[in-house]
Each structure stands twice: as C-alpha cells, then as structure tokens.
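So the chains spell out like this:
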Amino acid sequence: SNMLTEEDDVQFSEPILAQKGVKLKVNFAESAEWESKVDNKKYKAMKLTLDIDDDSVKWEHADARPRTTITDQFNVEQFPYVDKKTGEIKKLGRSKLYQLEEAFGFEPVFIVGGNRVEPFITKSGSKRAPKVEGVKRSLNPDFIDAYLDAEGTPNMSNWSGKTLYANVGVEVSEQYGDKNVIAAYVKAPII
C-alpha cells in the first residue's frame, strides 16, 4: 500500500494585505455581549461574519490561499472602560454602528440640547457634525428599525447577503496568527 509513502501538498492560508474599500458580503449577523471590568455589567455588542467578495485583494505568498472570512465584533451600547494612560473611566463610542449607518445610506443624526440639528456638509458631500457646542451623535431610528430590534438584536433577514465596503487591516499576533480586521466601514465607491 502507498498509504505511508504518499505525500500531500500542504496548503497555507493567510490574511489578505491591508486594503481600502474592500467589497464584502454579510454572511451572518448575531448578538453578542461584552462584560465591562468597570462595573461587571454586560453590554450589548454585535458580531458580523463577512465574506470577502473582491477580486482586487492581494496576499503575501502566491502559493497560499487567502482567508476570505472576517469576523467583526463591536459594541451596540456605549461601553465603559478604564483609560490605561489616565486611569479615568471613559466610554467606547459606537463608531462602527455610525459607519454602517452611513454605508447603508442613512442620514447621520446630530443632537444639541435634545433637539436634532442639521449636519455640516463637506466639500465632498459628506455629512458631519456641525461645529456647535454640545453637539452629540445619535443613531438614526430608521437604521435601527431596519437592522436591529428594540433589544439590539440584529434582524438577520435584513443583514443576510448585504454588500458592504470596508477598509481592511491586518492584526499581527505571534500567539494566534495574523488575521484581517475591519478598520472602518465605508460608503460604496462611486463608479
């Protein structure tokens, strides 16, 4: 028998190289929780499983197979943490939710003193916070209605198969191996 003498090629997989505006498809969206060391309470988070759907991506070694799945977990509620430099308690904002909101074409919502205010429109047409004292950002209720329920659980039927674009980075880890991470979700490129 050749069972012991046959040798098979070993196929290595590796993350793609960092790239801006990578086209992705949402494979799965699920609820998650993060526990804060500040107050030992659990805070709502969300996990997206994304498949790379972009022929322009590159990877380091020609004989390797690129990893085509990226998982991204982020907070849905503000998350308290201790700043390592100052020791003060701060809150992690919900920047990824705001990025997704804009990527899906929802208007950003800015609040001053409990009232909604008009955004500042940049030369490129982006809507940003107006330079007004006390301005805060809030989630667009239409975005929440479409993509999350009242408990912050993703509405899977609206996430499944959606196309997103993101700036993809590489997180280097000796212990676990390098992996791709979502640096930011971005609007679809204008062709």
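Reading the values: the criteria
Residues numbered from 1 in each chain as written. Predicted model: local features only at pLDDT ≥ 70, side-chain atom pairs only at ≥ 80, totals over all residues. Heavy atoms only, no water. Helix = DSSP H or I, 4+ residues; strand = E, 2+ residues; numbered from the N terminus. Rg over C-alpha atoms; globule rule 2.2 N^0.38 Å. Buried < 20%, exposed > 50% of the residue type's maximum accessible area, 1.4 Å probe, protein only. Contact = heavy atoms within 4.5 Å. Areas by Shrake-Rupley, 256 points an atom, 1.4 Å probe, with all protein chains shown as cover. Lys, Arg positive; Asp, Glu negative; His and termini not counted. Charge placed at Lys NZ, Arg CZ, Asp CG, Glu CD. Phe/Tyr/Trp six-rings, centres within 6.5 Å; stacked < 30°, edge-to-face > 60°. Lys NZ or Arg CZ within 6 Å of the ring centre and 35° of its normal. Pairing = 2+ DSSP bridges.

(A) Expanded view of the overall build of the chain. What the chain contains, in helices and strands, is 3 helices and 14 strands. Computed over C-alpha atoms, the radius of gyration of the chain comes to 20 Å, more than 25% over the 16 Å expected from 2.2 N^0.38 for 191 residues, which places it beyond the range of a compact globule. A total of 191 residues make up the chain; the buried ones form 33% of that total. For the chain, long-range pairs separated by at least 24 residues make up 60% of all intrachain contacts whose partners lie at least 6 apart in sequence. Taken as a whole, the chain presents about 12800 Å² of accessible surface, with 49% of it coming from carbon and sulfur. Put simply, the chain has 27 plus and 31 minus side-chain charges, and the middle of one group is 9 Å from the middle of the other.

(B) Representation of unusual backbone geometry within the structure. Not every positive phi belongs to a glycine, and Asn-40 is a case in point at roughly 55 degrees. Assignment of secondary structure puts Asn-40 in the loop between strand S2 (19-35) and strand S3 (42-52).

(C) View of the packing of aromatic side chains. Going through the model one piece at a time under the given rule, you end up with 9 aromatic pairs. For the ring pair Tyr-43 and Phe-79, a centre distance of 5.8 Å and an interplane angle of 85 degrees mean the geometry is edge-to-face. On the criterion of sequence distance, the pair formed by Tyr-43 in strand S3 and Phe-79 in strand S6 (residues 79-82) is long-range, its members being 36 residues apart. Aromatic pair Phe-74 and Tyr-185: ring centres 6.5 Å apart, planes at 70 degrees, arrangement edge-to-face. Highlighted residues: Phe-74 in strand S5 (residues 69-75) and Tyr-185 in strand S14 (residues 179-186), separated in sequence by 111 residues. Here Phe-74 and Tyr-185 have matching classes, each one buried. Connected via pairs of aromatic rings, a cluster forms that spans Phe-104, Phe-106, Phe-143, Tyr-147 and Trp-159. Over the aromatic face of Phe-104 sits the side chain of Lys-162, whose NZ or CZ is 6.0 Å from the ring centroid.

(D) Structural context of the pairing of strand S13 (residues 163-171). Across 5 bridges, the pairing between S2 and S13 is antiparallel. Across the sheet, the residue bridging to Lys-23 is Tyr-165, located in S13. One ladder, built from 7 bridges, connects S13 with S14; its direction is antiparallel. Bridge pairing in S14 links Val-170 to Asn-180.

(E) Spatial organisation of the environment of Ile-52. On the secondary structure map, Ile-52 appears in strand S3. You can call Ile-52 buried: its relative accessible area is 14%. Along the sequence, Ile-52 and Asn-155 sit 103 residues apart, while their C-alpha atoms lie 21 Å from each other. For Ile-52, the contacting residues outside a window of four places in its chain are Ile-16, Val-22, Lys-23, Leu-24, Val-57, Arg-67, Thr-68 and Ile-70.

Honestly, that's just the spatial picture; any functional story needs more than this.
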